[in-house]
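Each chain is listed here by its residues.
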Amino acid sequence: MRILVNGGGPAGLAFAAFAARSGRDDEITVRDRAGVEDTYGFGVVLPPAAVEVFRDVDPGLADELATHVTGWDRLTVHRHGRSASIGSPRLGAMDRRTLLRVLRRRCAELGVRLAQGAVDPAADGYDLVVAADGARSVTRAQRARAFGTTTRQIGVDYIWLGAGRAFGDLTFLVVETPAGPAVAHAYPYGPDRSTFLVEAPGHPTPAALTEWFAGPLGGARLLENRSRWSRFHEVRNRTWVSGNVVLVGDAAHTAHYSVGSGTRLALDDARVLAAALCAEPRLTDALSAYEAERRPVVEHTQRIGRLSAEWFAQLPDAPVERLLGDLATRGGRISWRDLATEGTGAVPVGG
Ligand SMILES: Cc1cc2nc3c(=O)[nH]c(=O)nc-3n(C[C@H](O)[C@H](O)[C@H](O)COP(=O)(O)OP(=O)(O)OC[C@H]3O[C@@H](n4cnc5c(N)ncnc54)[C@H](O)[C@@H]3O)c2cc1C
């Protein structure tokens, strides 16, 4: 089969690597306008359990990714000069550039053609076109009616920054400003790096944010990489398949960043689509099987993402222990009763 993958982010590259490893005799090309060094973002959330899912398909890739993951197993909230902390399932993150570099190298080793340039939405002459060109996919936009694409803004305005220090846990920092509370979502992805996403009224400059968060930053710099204020767009599609074109990753769906699932969903889409192409002899059956398996997981994550976005948009003025409990239970996956009965109650660690 001749396969064109439009977009070489995590979804497109992982799909190409998995498909190339499957032993089928496919000719696979990935097109992307950007090189790895041009990419946006900082650390991407990639729980160790998500990396392990790849072990059956590509043990070498799972081993290599695992060495780059910085993990944590606590959730911490700071507000009004106090901190509270609670145990969490083991989570982790890695540098987005490193993830892309590892996946590109794997693709090249497996004979995938990596082409640089604009995606080719018409893609004549291919048996399968994988639309992996992100939340603003032009491949999808050409067939927006067929896919039934809807987008809507959720949550409040945010800016994606990095911090030049590694926070120990997934940490939420709340500071009071004259215009209302500002919240930083911070998590480590290397020995001296964290993702530092800020939600704040009035689009303050990174210099102002450095001052507001000076205490928890402890003298570390805030880092920019194509960082700008924006509002999150939730992308949904009535169907992910139109003829021989299939949507994966952010082109198919986005879930609010506060649940940290974008990259994991993209990689899982890639794995399931590649497996479906092996399991089903007919292309249409394979694409239907892929969507049938992934859609319930994605819609569940999007629901949790919307609840989480609403919670952050109406942040209660409550003590840190209460905030921590609300934060842990906001998506409905964990209840207050779980926190009490499983002994994971908030533990003040500062004050
Ligand atoms: C600004 C921003 C910052 C983010 N930072 C983080 C973060 O720090 N942590 C985290 O967990 N998640 C982050 N995310 C979310 C995460 O990046 C996505 O959920 C995940 O990358 C989805 O993977 P994907 O491969 O589907 O899409 P993407 O990663 O968006 O990849 C799409 C690829 O398609 C290419 N492309 C798009 N259009 C064209 C075109 N017309 N021609 C050629 N190539 C094209 C792009 O160059 C890109 O390489 C961020 C998202 C955004 C928008």
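Residues numbered from 1 in each chain as written. Predicted model: local features only at pLDDT ≥ 70, side-chain atom pairs only at ≥ 80, totals over all residues. Heavy atoms only, no water.

Observations regarding unusual backbone geometry
- Within the chain, H203 stands out as a residue other than glycine whose phi angle is a positive 50 degrees.
- Relative to the assigned elements, H203 resides in the loop between β11 (193–199) and α7 (206–212).
- A positive phi angle is found at R226, which is not glycine, with a value near 55 degrees.
- The residue R226 is located in the loop between β12 (222–223) and β13 (230–237) in this model. (Helix = DSSP H or I, 4+ residues; strand = E, 2+ residues; numbered from the N terminus.)

A few points about the packing of aromatic side chains
- Scanning the model with the defined rule gives 11 aromatic pairs in all.
- Between the aromatic rings of Y158 and W160, the centroid separation amounts to 5.6 Å while the plane-to-plane angle is 85 degrees, which identifies the pairing as edge-to-face.
- By relative accessible area, Y158 is classed as buried at 11%.
- You can call W160 partly exposed: its relative accessible area is 30%. (Phe/Tyr/Trp six-rings, centres within 6.5 Å; stacked < 30°, edge-to-face > 60°. Buried < 20%, exposed > 50% of the residue type's maximum accessible area, 1.4 Å probe, protein only.)

Regarding the site of the ligand
- Inspection of the region around the ligand gives 29 residues, with D32, Y40, R96, W160 and D250 positioned closest.
- Between the ligand and P10, the relevant distance is 3.2 Å, taken from an oxygen atom to a main-chain nitrogen or oxygen of the residue.
- Take V45: an N or O atom from its main chain is 3.2 Å from an oxygen atom of the ligand.
- Elements that contribute at least two residues to the shell around the ligand include exactly α1 (10–21), β3 (43–45) and α9 (262–279).
- Of the residues contributing to the shell around the ligand, the split by class is 14 nonpolar, 10 polar and five charged. (Near = heavy atom within 4 Å. Polar contact = N/O pair within 3.5 Å; in protein donor to acceptor, adjacent residues only side chain to side chain. Nonpolar A, V, L, I, M, F, W, Y, C, P; charged D, E, K, R; others polar.)

Focus on the packing of helix α3 (residues 59–68) against helix α4 (residues 96–109)
- Interhelical geometry of α3 versus α4 gives an angle of 160 degrees and a closest axis separation of 11 Å. Between α3 and α4, the interaxial angle falls into the category roughly antiparallel. Read as a crossing pair, α3 and α4 show a hand that is right-handed. Contacts between α3 and α4 involve L61, E64, L65 and H68 from the first element and T98, L99, V102, L103, R105 and R106 from the second. (Axes fitted to C-alpha atoms, helices over the stretch in contact; angles between N-to-C directions. Parallel < 35°, antiparallel > 145°, perpendicular 65-115°, else oblique. Left-handed = near helix turned anticlockwise from the far one by under 90°. Contact = heavy atoms within 4.5 Å.)

A short note on the environment of H203
- On the accessibility criterion, H203 (41% relative accessible area) is partly exposed.
- With 25 residues separating them in the primary sequence, H203 and R228 have C-alpha atoms 9.1 Å apart.
- Among residues more than four places away in sequence, those in contact with H203 are D157 and W229.
- Engagement of the side chain of H203 in a polar contact is seen with the side chain of D157, the distance being 2.7 Å.

Focus on the side chain of D133
- Within the fold, D133 resides in the loop between β7 (128–131) and α5 (138–141).
- In this structure D133 is buried but unpaired, with R140 as the nearest side chain of opposite charge at 7.0 Å.
- In this structure the side chain of D133 is engaged in a polar contact, spanning 2.5 Å, whose partner is the side chain of S137.
- There is a polar contact of 3.2 Å between the side chain of D133 and the backbone nitrogen of V138. (Lys, Arg positive; Asp, Glu negative; His and termini not counted. Salt bridge = Lys/Arg side-chain N within 4 Å of Asp/Glu carboxyl O.)

Thoughts on the nonpolar core
- Counting 58 residues, the largest nonpolar core has V5, F15, L128, V130, L273 and Y290 as its most contacted members.
- Per-element tally for this core: the top contributor is α9, with nine residues.
- If we ignore the near neighbours within four places in the chain, the residues touching V5 are G12, F15, I28, T29, V30, R31, V130 and A132.
- Ranked by size, the runner-up nonpolar core spans 23 residues in total, among them Y187, L223, L323 and A328. (Core = buried A, V, L, I, M, F, W, Y, C linked by side-chain atoms within 4.5 Å.)

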